[in-house]
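What the coordinates show
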Amino acid sequence: LLPGSHNSMVLDLLFDLASWHAFAKLRLHTDDTLALFDHATGTLGQTVRKFQRSTCEYYHTTELPQEYATRGKRHASLSAKQKGKGKLSGPKVKKLNLQTYKYHALGDYPSTIRRMGTTDNYSTQPVRMLINFLVNA
């Protein structure tokens, strides 16, 4: 699929992501599985950073054609309203951003499971329903 070293890096990343996901979805944890989950989380973090340093830097990635078209429509609409004549220069360059809460929160899963139990035991849906009710009231 990809040149040798990049292919093995992607395969390693996929394996670590699948392992981490399997631990996250377990419905019953023991001290041993949580210790393994902690280890898998650390390994995943190292693999993702290695992937970003090596493989991501090798490839030039841009937004998808659909994203570019949507951005173009939005730009045209705003230009028509503001009578501007700015033009889009082309698809935006996209890079893997690890400075997001979603990535940062991966490390909190094992400790959250220790405190609150497995992720199938609780939901944020009641809070969402309350917020929607209050907003629509």
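Residues numbered from 1 in each chain as written. Predicted model: local features only at pLDDT ≥ 70, side-chain atom pairs only at ≥ 80, totals over all residues. Heavy atoms only, no water.

Focus: the overall build of the chain
- When helices and strands are tallied, the chain shows six helices and zero strands.
- Along the chain direction, N to C, the helices and strands of the chain fall in the order α-α-α-α-α-α.
- Taking 14 Å as the expected radius of gyration for a compact globule of 137 residues, we find that the chain reaches 21 Å, considerably beyond that expectation.
- Judged by the C-alpha coordinates and their principal axes, the chain covers about 65 × 55 × 20 Å.
- Looking at the chain residue by residue over its 137 residues, the buried ones come to 22%.
- Across the chain, every contact between residues at least 6 apart in sequence was considered, and the portion connecting residues at least 24 apart equals 70%.
- Entry remark: accessible area of the chain is about 10,800 Å², with carbon and sulfur atoms responsible for 59%.
- When the 19 basic and 10 acidic side-chain charges of the chain are each reduced to a single mean position, those positions are 18 Å apart. (Helix = DSSP H or I, 4+ residues; strand = E, 2+ residues; numbered from the N terminus. Rg over C-alpha atoms; globule rule 2.2 N^0.38 Å. Buried < 20%, exposed > 50% of the residue type's maximum accessible area, 1.4 Å probe, protein only. Contact = heavy atoms within 4.5 Å. Areas by Shrake-Rupley, 256 points an atom, 1.4 Å probe, with all protein chains shown as cover. Lys, Arg positive; Asp, Glu negative; His and termini not counted. Charge placed at Lys NZ, Arg CZ, Asp CG, Glu CD.)

A closer look at the pattern of salt bridges
- Following the criterion strictly, the structure yields two salt bridges and no others.
- A salt bridge links Arg71 to Glu63; its shortest N-O distance comes to 2.6 Å. (Salt bridge = Lys/Arg side-chain N within 4 Å of Asp/Glu carboxyl O.)

Topic: the packing of aromatic side chains
- In the structure shown here, the tally under the stated rule is four aromatic pairs.
- Judged by centre distance (5.5 Å) and plane angle (55°), the ring pair of Trp20 and Phe37 falls under tilted. Here Trp20, found in helix α1 (residues 4-25), pairs with Phe37, found in helix α2 (residues 31-58); they are 17 residues apart in sequence, far enough to count as distant. As far as burial versus exposure is concerned, Trp20 and Phe37 are alike and both buried.
- Residues Phe23 and Phe37 carry aromatic rings whose centres are separated by 5.8 Å and whose planes lie at 20° to one another, so their mutual orientation is stacked. You can see Phe23 sitting in helix α1 and its partner Phe37 sitting in helix α2, a full 14 residues away along the chain.
- A relative accessible area of 18% means that Phe23 is categorised as buried.
- Overall, the relative accessible area of 0% leaves Phe37 in the buried class.
- Members of the aromatic cluster, joined through ring pairs, are Trp20, Phe23, Phe37 and Tyr109. (Phe/Tyr/Trp six-rings, centres within 6.5 Å; stacked < 30°, edge-to-face > 60°.)

Notes on the nonpolar core
- Ranked by size, the top nonpolar core spans 13 residues in total, and within it Leu13, Trp20, Phe37, Leu44 and Val48 carry the most contacts.
- Elements that contribute at least two residues to this core include exactly α1 and α2. (Core = buried A, V, L, I, M, F, W, Y, C linked by side-chain atoms within 4.5 Å.)

Looking at helix α5 (residues 109-116)
- Buried within α5 are the following residues: Pro110, Thr112 and Ile113. In an axial view of α5, the angular spread of the buried residues amounts to 165°, which keeps them on one side of the axis.
- Each element contacted by the buried residues of α5 is listed here: α2. (Arc of directions from axis to C-beta.)

What to know about the environment of Phe15
- Topologically, Phe15 is positioned in helix α1.
- With 29 residues separating them along the chain, Phe15 and Leu44 place their C-alpha atoms 9.2 Å apart.

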